[in-house]
Amino acid sequence: QQQVKQSPQSLIVQKGGISIINCAYENTAFDYFPWYQQFPGKGPALLIAIRPDVSEKKEGRFTISFNKSAKQFSLHIMDSQPGDSATYFCAASTTSGTYKYIFGTGTRLKVLA
Amino acid sequence: DGGITQSPKYLFRKEGQNVTLSCEQNLNHDAMYWYRQDPGQGLRLIYYSQIVNDFQKGDIAEGYSVSREKKESFPLTVTSAQKNPTAFYLCASTPGVGRNQETQYFGPGTRLLVL
């Protein structure tokens with residue numbers, strides 16, 4: 001019940017295309033869902049996050065779609081660029097107490113020039 | 001510059017040796033975390049601390065130890081009991097209060113290799 005399942009494991013997209021990464025969770029107590037971007041040999045950096053009171057959040061080319069009833073959320077990268085090539089992790093957490101995150105297993109994105 | 005620093009960037013461990021990874025933050029964050037990252041397995045929580053002089057085990061604490069004597073410092077020791085220590089180790093912190101209280105901010109990581 002504590003798992004966050006992330007798919008696909010890897011993704012190849014043409015420059016200018018849309019990249020879509022999906023995550024699913026079981027624990028209905030989760031109420032904070034961040035996405036992190038990680039470049040090789042670096043620490044993850046927060047990209048965008050959503051709370052379950054909204055169904056969508058957009059920041060620039062990055063959008064999170066959230067489906068509370070299905071317990072799923074996804075990251076959409078519009079107009080994907082070669083500089084977006086990185087590993088993306090979704091996570092889930094409760095906002096009370098310890099703020100422990102449960103991370104997905106990551107998606108390696110490659111955007112072809 | 002505010003942030004999280006980890007040192008060293010690379011660390012080599014011999015069989016039977018304990019090694020300590022440093023994590024320092026000047027963000028005045030209350031909570032700190034240690035993760036282990038292996039290829040294809042995401043980030044797994046080793047230990048976390050919400051306040052000074054207190055810490056809790058995460059999902060994979062066996063073979064590791066920590067201390068939290070100062071708010072800004074949370075060192076991780078990889079003991080000889082950890083039989084497969086080769087991994088990328090990440091330290092993180094959260095403010096605990098305010099607008100982004102639950103956001104985890106990560107350091108640059110330490111890669112541990114076994115000789």
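Everything numeric in this text was worked out from a predicted model, so none of it was measured. (Residues numbered from 1 in each chain as written. Chains lettered and ligands numbered in written order. Predicted model: local features only at pLDDT ≥ 70, side-chain atom pairs only at ≥ 80, totals over all residues. Heavy atoms only, no water.)

Trainee: Could you clarify how one ought to interpret the sheet that holds strand β8 (residues 76-78) of chain B in this entry?
Mentor: All names here are of chain B. What the four strands build is an open sheet, ordered β1-β3-β8-β7; its pairing is antiparallel. Two strands lie at the open edges of the sheet, namely β1 (4-7) and β7 (64-66), each paired on one side alone. Direction aside, the axes of adjacent strands within the sheet are offset by 20 degrees on average. Note: β7 against β8, three bridges, orientation antiparallel. Note that in β8 the partner of Tyr-64 across the bridge is Val-78. (Pairing = 2+ DSSP bridges. Helix = DSSP H or I, 4+ residues; strand = E, 2+ residues; numbered from the N terminus. Axes fitted to C-alpha atoms, helices over the stretch in contact; angles between N-to-C directions.)

Trainee: Explanation requested: the pattern of salt bridges in the structure shown.
Mentor: Using the criterion set out here, one finds seven salt bridges over all chains in the structure. Note that A:Arg61 and A:Asp84 form a salt bridge whose closest N and O atoms lie 2.8 Å from each other. In this pair, A:Arg61 sits in the loop between β6 (56-59) and β7 (62-67) while A:Asp84 sits in the loop between β8 (72-77) and β9 (86-93), placing the two residues 23 residues apart along the sequence. The exposure class assigned to A:Arg61 is partly exposed, which follows from its relative accessible area of 28%. Counted as one network, the salt bridges with shared partners bring together B:Arg36, B:Asp38 and B:Arg44. (Salt bridge = Lys/Arg side-chain N within 4 Å of Asp/Glu carboxyl O. Buried < 20%, exposed > 50% of the residue type's maximum accessible area, 1.4 Å probe, protein only.)

Trainee: Got a minute to help me understand the sheet that holds β6(A) in this structure?
Mentor: Whenever strands of a sheet pair, they do so through backbone hydrogen bonds, lying parallel or antiparallel. Residues and elements named next belong to chain A. What the five strands build is an open sheet, ordered β1-β3-β8-β7-β6; its pairing is antiparallel. Where the open sheet ends on each side, the last strands, each with one partner, are β1 (4-7) and β6. Neighbouring strand axes in the sheet, compared pairwise and without regard to direction, differ in orientation by 15 degrees on average. Sheet topology places β6 next to β7; four bridges connect them, and they run antiparallel. In the sheet register, Glu-56 faces β7, and the bridge partner there is Ser-65.

Trainee: Would you explain the interface of chain B and chain A in this entry?
Mentor: Counting residues at the interface gives 22 residues for chain B, matched by 19 residues for chain A. Summed over both sides, the interface of chain B with chain A buries roughly 1800 Å², with 54% coming from carbon and sulfur. Among the residues chain B hides against chain A, the three largest losses belong to B:Leu43, B:Glu102 and B:Phe106. Together they make up 29% of the total. At the junction of chain B with chain A, the criterion picks out one salt bridge. Between A:Arg51 and B:Glu102 there is a salt bridge, and its shortest N-O distance comes to 2.7 Å. Where chain B meets chain A, there are six residue pairs in polar contact (both at pLDDT 80 or more). Those elements giving two or more residues to the side of chain B that touches chain A turn out to be β4 (31-37), β5 (43-51) and β9 (87-94) of chain B. The element contributing the most residues to the side of chain B that touches chain A is β5(B), with four residues. (Contact = heavy atoms within 4.5 Å. Buried area = accessible area lost by both parts, 1.4 Å probe. Polar contact = N/O pair within 3.5 Å; in protein donor to acceptor, adjacent residues only side chain to side chain.)

Trainee: Would you mind going over the environment of B:Tyr35 with me for this structure?
Mentor: All names here are of chain B. When you line up the elements, Tyr-35 lands in strand β4. You can call Tyr-35 buried: its relative accessible area is 0%. Taking the C-alpha atoms as reference points, Tyr-35 and Gly-58, 23 residues apart in sequence, are found 8.9 Å from one another. Side chain to side chain, Tyr-35 and Gln-104 meet in a polar contact 2.8 Å long.

Trainee: Help me understand the nonpolar core in this model?
Mentor: Note on soluble globular proteins: their nonpolar side chains tend to be buried together. Residue and element names in this part refer to chain A. Phe-33, Trp-35, Phe-73, Leu-75 and Tyr-88 are the most contacted members of the largest nonpolar core, which has 25 residues in total. Of all the secondary-structure elements, those providing two or more residues to this core are β2 (10-14), β3 (19-25), β4 (33-38), β5 (45-50), β7, β8, β9 and β11 (107-112). Among the elements that take part in this core, β9 stands out by supplying four residues, more than any other. Residues in contact with Tyr-88, not counting those within four places in the same chain, are Gln-6, Ile-21, Tyr-36, Gln-37, Leu-47, Leu-75, Ile-77, Gly-106, Thr-107 and Leu-109. (Core = buried A, V, L, I, M, F, W, Y, C linked by side-chain atoms within 4.5 Å.)

Trainee: Is there a simple way to explain the packing of aromatic side chains in this structure?
Mentor: Aromatic ring pairs are reported here in terms of the distance separating the ring centres and the angle at which the planes meet. All names here are of chain A. Counted according to the given criterion, the structure contains 21 aromatic pairs over all chains. Consider the rings of Phe-89 and Phe-103, whose centres lie 6.5 Å apart with planes at 90 degrees: the pair is edge-to-face. With Phe-89 in strand β9 and Phe-103 in strand β10 (residues 101-103), this pair connects stretches of sequence that are 14 residues apart. Considered together, Phe-89 and Phe-103 belong to a single accessibility category, that of buried residues. (Phe/Tyr/Trp six-rings, centres within 6.5 Å; stacked < 30°, edge-to-face > 60°.)

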